[in-house]
Amino acid sequence: MPLVRRSSRFPLAVCVHASRFVGAAALAGCLALGAGASSTSDPNPDAPPLHRATDRVAIGAALSPQDLDDPALAAHVAKHFAVLTPGNEMKPDALQREQGVFTFERADRLVAFAQAHGQDVIGHTLVWHSQAPKWLFEDENGDPLPRDIALDNMREHIHAVAGHFRGKVKGWDVVNEAISDGGPYLRDTPALRAIGEDYVIKAFQFAHEADPDAELYFNDYNIEREYKREKALRLVEELRDAGCRIDAVGIQGHWLLGAPGLEEIEAGVKLFIDAGFEVHITEMDVDPLPRRGRGGADVTAVEREGLDPYQDGLPPEVQQQLATRYAELFELFLRHPQITRVTFWGTDDGRSWLNYFPVRGRTNHPLLFDRELQPKPAFFEVVETLQDAR
Ligand code: XIL
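Please read all numbers here as calculations on a predicted model, not as lab measurements. (Residues numbered from 1 in each chain as written. Predicted model: local features only at pLDDT ≥ 70, side-chain atom pairs only at ≥ 80, totals over all residues. Heavy atoms only, no water.)

## Digging into the packing of helix α6 (residues 147–164) against helix α8 (residues 199–210)
Inference 1: The N-to-C vectors of α6 and α8 enclose an angle of 35°; their axes lie 8 Å apart at closest approach. Crossing hand, α6 versus α8: right-handed. From α6, R147, L151, M154, R155, I158, H159, A162 and G163 reach across to α8, where they touch Y199, K202, A203, F206, A207, E209 and A210.
Inference 2: Of the residues contributing to the contact of α6 with α8, the split by class is 9 nonpolar, 2 polar and 4 charged. (Axes fitted to C-alpha atoms, helices over the stretch in contact; angles between N-to-C directions. Helix = DSSP H or I, 4+ residues; strand = E, 2+ residues; numbered from the N terminus. Left-handed = near helix turned anticlockwise from the far one by under 90°. Contact = heavy atoms within 4.5 Å. Nonpolar A, V, L, I, M, F, W, Y, C, P; charged D, E, K, R; others polar.)

Next up, the structure:
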């Protein structure tokens, strides 16, 4: 079995990769830096440029534009990723916290960096129940606005935002996380309460009006899982039946080391593919930390006991488990040509949201690069998997 073979000869594989690619990586890294980048040298010369390991999937990362102040991080981002997603800066509360007052500066900065380095930008996100100002869909008492006013607010937000980034954003996560975890269909959100179930269709129509050339995606978590995927399929099929442009289903891909199982993920992916949709993995990470207790960002110190076991780094066996899990997931992706993008939710372990979620202030290790921007065993496994599938 190739996976076992690869894992068992892993230390050797690292050396081979490191020596095989160091020259090309240094060269490609310099080329990738291009105009506007500092002359900072490549922070991880032993790592070949990740996105160049494949022409099957676009490889992306989420980041905050202020992180680009660090020249090493800027060089890292320019070298390894072909697609950038702003982690927070295009969310409704970042762009129009106060009604009618648009604050595009931070998002514009990320777009300018991407343009200078020949990278695509994914807009994230036009409509979401989280990180959105209340005035969009609720009155001052927290009651739903009348449908026509809520629709006007949503239309104006989407037209202004997608209009501002027209021609600069490859595609939009138009609606994020609309599927209910426990309920029969859609999540109970301010937009649903004010507008009704067709708010999703309306959002896609408004986005298309504002930027007819932009790709449009529906994005959500766990929609590959058995409990949620039929509801998500229903939504994207309703969008298509309504005549909306929909270019891909975005599966967030916030996975754990031990779950969900590969079979469940693949069955979910296939459900969308068989229905004729492209699939993007939009926010990938693999969390190796324990999840137990009631979770949430506010667990007390007592509850935290035992939940932060790798403050000094991942033990080698867990590092290897992470590498194997990443390899298996990429092998799965590569079995399906309809998966055309994989975006990591963060550039390196130090900048992952999983240091704060679901428990605040832990030391997490969910990505391919460590806190020093050095490639982890998982990085080399992913590169090898991508190259094998060329
Ligand atoms: C996260 C950001 O990474 C954090 O910085 C922020 O505090 C909360 O949101 N699903 C999504 C993303 O669609 O927008 C979330 O991003 C992670 C979960």
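That covers the picture; the talk isn't over yet.
## Quick word on the packing of helix α12 (residues 316–334) against helix α13 (residues 377–388)
Inference 1: Between α12 and α13, the least distance of the axes is 8 Å, while the angle of their chain directions is 25°. Comparing the axis directions of α12 and α13 gives the class roughly parallel. Pair α12 / α13 crosses with right-handed handedness. Between α12 and α13, the residues in contact are Q319, Q320, L322, A323, Y326, A327, F330, E331 and L334 and P377, A378, E381, V382, T385 and L386, respectively.
Inference 2: Across the contact of α12 with α13, the residue classes tally to 10 nonpolar, 3 polar and 2 charged. (Parallel < 35°, antiparallel > 145°, perpendicular 65-115°, else oblique.)

## Remarks on the pattern of salt bridges
Inference 1: Applying the stated rule across the entire model yields 20 salt bridges.
Inference 2: The partner of K79 in a salt bridge is D42, with the nearest N and O atoms 2.7 Å apart. Here D42 lies in the loop between α2 (10–33) and β1 (58–63) and K79 lies in helix α3 (residues 71–80), a separation of 37 residues in the sequence.
Inference 3: Taking the relative accessible area as the measure of exposure, K79 reaches 1% and is therefore buried.
Inference 4: In this structure, the salt-bridge partner of D181 is K228, at a minimum N-O distance of 3.0 Å. Of this pair, D181 sits in the loop between β4 (171–176) and α7 (190–195) while K228 is found in helix α9 (residues 226–241), placing the two residues 47 residues apart along the sequence.
Inference 5: Among the ionic contacts, a cluster of salt bridges with common partners joins D67, D70, D348 and R351. (Salt bridge = Lys/Arg side-chain N within 4 Å of Asp/Glu carboxyl O. Buried < 20%, exposed > 50% of the residue type's maximum accessible area, 1.4 Å probe, protein only.)

## Section: the site of the ligand
Inference 1: For the ligand, the full set of nearby residues is N88, K91, H124, W128, Q131, N176, E177, Q252, H254, E283, W345 and W353.
Inference 2: Within the side chain of K91, a nitrogen or oxygen atom sits 2.8 Å from an oxygen atom of the ligand.
Inference 3: H124 places a side-chain nitrogen or oxygen 2.7 Å from an oxygen atom of the ligand.
Inference 4: When isolated, the ligand has an accessible area of 420 Å², and the protein chains bury 74% of it. (Near = heavy atom within 4 Å. Polar contact = N/O pair within 3.5 Å; in protein donor to acceptor, adjacent residues only side chain to side chain. Areas by Shrake-Rupley, 256 points an atom, 1.4 Å probe, with all protein chains shown as cover.)

## Describing the pairing of strand β2 (residues 83–86)
Inference 1: Alternating positions in β2 separate into two faces, V83 and T85 on one and L84 and P86 on the other, with burial throughout.
Inference 2: In terms of strand pairing, β1 meets β2 through 4 bridges, oriented parallel. Along β2, the bridge assignment pairs A61 with L84.
Inference 3: A crossover links β1 with its parallel partner β2, the connecting element being α3, and its sense is right-handed. (Pairing = 2+ DSSP bridges. Right-handed = clockwise from strand over helix to strand, strands pointing away.)

## Some thoughts on α13
Inference 1: When the terminal C-alpha atoms of α13 are compared, their 17 Å separation across 12 residues agrees well with the 16 Å that a helix rising 1.5 Å per residue should span.
Inference 2: The buried count for α13 comes to 11 of 12 residues, which makes it a mostly enclosed element.
Inference 3: When α13 is considered as a whole, its buried residues turn out to be P377, A378, F379, F380, E381, V382, V383, E384, T385, L386 and Q387. (Expected span 1.5 Å × (residues − 1).)

## Quick look at the nonpolar core
Inference 1: Ranked by size, the top nonpolar core spans 104 residues in total, and within it W172, M284 and Y326 carry the most contacts.
Inference 2: Tallying contributions element by element places α12 first for this core, with 9 residues. (Core = buried A, V, L, I, M, F, W, Y, C linked by side-chain atoms within 4.5 Å.)

## Regarding unusual backbone geometry
As a rule of thumb, non-glycine residues mostly have phi less than zero, and peptide bonds are mostly trans rather than cis.
Inference 1: Of note, the bond from H124 into T125 is cis; its omega dihedral lies within 30 degrees of zero at 5°.
Inference 2: The omega torsion of the bond from F357 to P358 falls at 0°, within 30 degrees of zero and hence cis.
Inference 3: Residue placement: P358 occurs in the loop between β9 (339–344) and α13.
Inference 4: Although it is not a glycine, Q131 sits at a positive phi angle of roughly 50°.
Inference 5: When you line up the elements, Q131 lands in the loop between β3 (120–127) and α6.
Inference 6: Positioned with a positive phi, E177 is a non-glycine residue whose angle comes to about 60°.
Inference 7: Along the chain, E177 falls in the loop between β4 and α7.

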